[in-house]
Amino acid sequence: MRFLVLLFLPAPITTTAFLRSSHSVDAAKVNGPLTSNFQDWLKTNGYASDNFARSDLGTQGSYGGKSDDKDKVAYIRNTPVVFIHGNSDSALAAGMYSGWTNSIQYFLDKGYTTAVQNYTKAAKVHIVAHSMGVTLGRKIILGGKIAASDGETQLEPAGNCDIGTPLRFVDVFVGLSGAIYGMCNCAGNIHQPTCNHDDGFWPGDSCGDNKNCGASTMRFPCDRAVYAKFLTDLNQDFTQLAKTVVSAWSKADDVLQYGDNTWGKPTSLIPRSTTQKTYNSYTHMQTKESPESVADQYNWVNRQRGS
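Residues numbered from 1 in each chain as written. Predicted model: local features only at pLDDT ≥ 70, side-chain atom pairs only at ≥ 80, totals over all residues. Heavy atoms only, no water.

**A look at the packing of aromatic side chains**
Both the distance between ring centres and the angle between the ring planes are used here to describe each pair of aromatic rings.
Working step 1: Within the structure shown, the criterion is met by 2 aromatic pairs.
Working step 2: Ring geometry for Y279 versus Y282: centroids 5.1 Å apart, planes at 45°, classification tilted.
Working step 3: Seen from the ring of Y181, K265 lies directly overhead, with NZ or CZ sitting 4.5 Å from the centre. (Phe/Tyr/Trp six-rings, centres within 6.5 Å; stacked < 30°, edge-to-face > 60°. Lys NZ or Arg CZ within 6 Å of the ring centre and 35° of its normal.)

**As for the layout of surface pockets**
Working step 1: There is about 200 Å³ of room inside the second largest pocket.
Working step 2: Every element with two or more residues in the lining of the second largest pocket is listed here: α4 (132-142), β5 (145-146) and α5 (229-235).
Working step 3: Tallied by class, residues from the lining of the second largest pocket come to 5 nonpolar, no polar and 7 charged. (1 Å grid on protein atoms, 1.4 Å probe; cavity = no way out; pocket = protein on both sides within 12 Å on 5 of 7 lines; lining within 4 Å. Points joined across faces, edges and corners; volume = space filled by probe spheres on them. Helix = DSSP H or I, 4+ residues; strand = E, 2+ residues; numbered from the N terminus. Nonpolar A, V, L, I, M, F, W, Y, C, P; charged D, E, K, R; others polar.)

**A word on the pattern of salt bridges**
Working step 1: Summed over all chains, the structure comprises 4 salt bridges.
Working step 2: The closest approach of N and O atoms between K277 and E292, which form a salt bridge, is 3.0 Å. Taken together, the residues K277 in strand β11 (residues 275-279) and E292 in helix α7 (residues 291-301) connect sequence positions 15 residues apart.
Working step 3: When its relative accessible area of 28% is taken as the criterion, E292 is described as partly exposed.
Working step 4: Put simply, E289 and K288 hold a salt bridge, and the shortest N to O gap is 3.9 Å. Each member of the pair E289 and K288 is classed as buried.
Working step 5: Connected via shared salt-bridge partners are K277, E292 and D296. (Salt bridge = Lys/Arg side-chain N within 4 Å of Asp/Glu carboxyl O. Buried < 20%, exposed > 50% of the residue type's maximum accessible area, 1.4 Å probe, protein only.)

**Regarding the confidence of the model for the chain**
Working step 1: Per-residue confidence for the chain gives a mean pLDDT of 78, with 70% of residues at or over 70.
Working step 2: In the model, residues 1-22 has pLDDT below 50 throughout and makes 92 contacts with residues more than four positions away in sequence or in other chains. (pLDDT = per-residue confidence, 0-100. Contact = heavy atoms within 4.5 Å.)

**Focus on the state of the cysteines**
Working step 1: All chains considered together, the criterion is met by 3 disulfides.
Working step 2: At a sulfur-sulfur separation of 2.0 Å, the disulfide partner of C184 is C213. For the disulfide bridge between C184 and C213, the dihedral angle about the S-S bond is near -75°, and by the sign convention the bridge is left-handed. Of this pair, C184 sits in the loop between β7 (170-176) and α5 while C213 sits in the loop between β7 and α5, and the two are 29 residues apart along the sequence.
Working step 3: Using a relative accessible area of 7% as the deciding quantity, one classes C184 as buried.
Working step 4: Accessibility expressed as a relative area gives 5% for C213, which makes it buried. (Disulfide = S-S within 2.5 Å.)

**Details of the nonpolar core**
Working step 1: By size, the foremost hydrophobic cluster in this structure holds 29 residues, and its most contacted members are I127, V170, F173, M183, L241 and I270.
Working step 2: Mapped by element, the contributors of at least two residues to this core are β3 (81-84), β4 (125-130), α4, β7 and α5.
Working step 3: Setting aside residues no more than four positions away along its own chain, V170 makes contact with V125, I127, I141, L241, A242 and K243. (Core = buried A, V, L, I, M, F, W, Y, C linked by side-chain atoms within 4.5 Å.)

This is the structure in structure tokens:
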């Protein structure tokens, strides 16, 4: 039995660079959506309005679940893994999007069996996130209030919501190419919503007397830049994200650019990471889908050192 869970997140904001994929991604290798058994469980447990299955995207909008109730949860041998994709991507390979198809196929080939914690009753879960999914995944784990200018509901005015207490059951969190300290392309950019100062990827317009956000070294002392409030709050939250926190990025990232630097440090380095890896030549999407990264993802969640 093989259970993997992958949920599609909408991508309403256009990124600042074309996301290209040069590694082979065969959309026919892995097909969803969530099984009927899992969709029924979601409806029964109050998740119907979240539309996790994304059936509007056919077979590529989500993946995972038991085939029927005869697939006993007790047979699940490994810790469940939840994959979270980033902006301008999909759950599985579809059209110009590469999704997590390569990662899922690799895990399945290794005999990995996964699902969501409440569905499987597993004590722990692993999370593998890419790009904006790293930011969203961290906030999901840390919980607490979210302040934004949109999202008004009958119960909550715009700018106010609380996603609850921190999740204590995440064993391994893998963050691939996340803009932890913002994106230098957003410095001085006040027009792109992605770059706003509140919950965008604004890195700050200066650090001390330094004005070049993407420089690998700072000419002047740079103790701390003032950057987007949402990112600052995440980075200053000392709640344990997971037992093992992995950060990985590429010096050739074509979206984050500048060698992944933001004010002299890697923007993809999650505070208090226990493991980190730098790729030399991968694009933004290749840090998720290259054979080397896919194998690393598997090794990290299985407590093995990546290659």
